[in-house]
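# Architecture and fold: a report
The primary structure of each chain is shown beneath.
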Amino acid sequence: VPRTRILATGGASHNKKILQVLSDVFNAPVYTIDTANSACLGSAYRAIHGLVAEKNVCFADVVKLAPEPRLAVSPTTGAEEV
């Protein structure tokens, strides 16, 4: 799917070889966030979104101040053919 990207969090997100496999298998760049407990952070953003949903606040507005993910790895050229 065009413009697909993977956001990896947790302990495995520090392992470049695992991230490269993900990137090659899904033919998409993999991004990481340098934030501790990022899964909890995502849950907190969803909870905030739920609280303000009746005010028609979109999720993009809730997370606009979230840390920007950084590119960790890109797909290996030709990997999609394997």
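Residues numbered from 1 in each chain as written. Predicted model: local features only at pLDDT ≥ 70, side-chain atom pairs only at ≥ 80, totals over all residues. Heavy atoms only, no water.

Quick reminder of the rule: UniProt positions are given in the numbering used here, feature names are shortened, and annotations may be inferred rather than shown by experiment.
By the naming in an unreviewed UniProt entry, the protein chain goes by XYLB kinase and is assigned to Baryphthengus martii. Listed in UniProt under the heading Sequence similarities (unreviewed entry), the comment for the protein chain reads: "Belongs to the FGGY kinase family."

## Points about the overall build of the protein chain
Quick note on the threshold: Strands here are runs of E lasting at least two residues and helices are runs of H or I lasting at least four, both read from the DSSP assignment and numbered beginning at the N terminus. In this treatment the radius of gyration is a C-alpha quantity, and the globule benchmark scales as 2.2 Å times the residue count to the 0.38 power. Burial here depends on accessible area, computed with a 1.4 Å probe over protein chains only, as a share of the maximum for the residue type. Under 20% is buried, over 50% is exposed, and the range in between is partly exposed. Residue contacts are defined here by distance: any two heavy atoms, one from each residue, within 4.5 Å place the two residues in contact. The Shrake-Rupley method, run with a 1.4 Å probe, gives the accessible areas here. Residue values count only the displayed protein chains as cover. Only four residue types enter the tally: Lys and Arg on the positive side, Asp and Glu on the negative side; His and the chain ends are excluded. Note that the charge is assigned to NZ on lysines, CZ on arginines, CG on aspartates and CD on glutamates.
A count of helical and extended segments in the protein chain gives 3 helices and 3 strands. Counted from the first residue to the last, the protein chain has its helices and strands arranged as β-α-β-α-α-β. Since a compact globule built from 82 residues should have a radius of gyration of about 12 Å, the 15 Å found for the protein chain marks it as more spread out than a globular shape. Summarising its shape, the C-alpha atoms of the protein chain cover approximately 50 × 25 × 15 Å along the three principal directions. Expressed as a percentage of its 82 residues, the buried residues of the protein chain come to 21%. Here the contacts in the protein chain between residues at least 6 apart in sequence split such that 64% fall between residues at least 24 apart. Surface exposure of the protein chain reaches about 6,100 Å², of which carbon and sulfur atoms provide 58%. Taking the average location of the 8 positive side-chain charges in the protein chain and that of its 7 negative ones, the two points are 6 Å from each other.

## Side note on the confidence of the model for the protein chain
Detailed reading of predicted coordinates is not advised where the pLDDT is low. Quick note on the threshold: One number per residue, pLDDT, summarises how confident the predictor is, and it ranges from 0 to 100.
When pLDDT is averaged along the protein chain, the result is 87, and 98% of the positions lie at 70 or above. Taken element by element, the protein chain is modelled with least confidence in helix α2 (residues 38-52), mean pLDDT 86, and with most confidence in strand β3 (residues 70-73), mean pLDDT 96.

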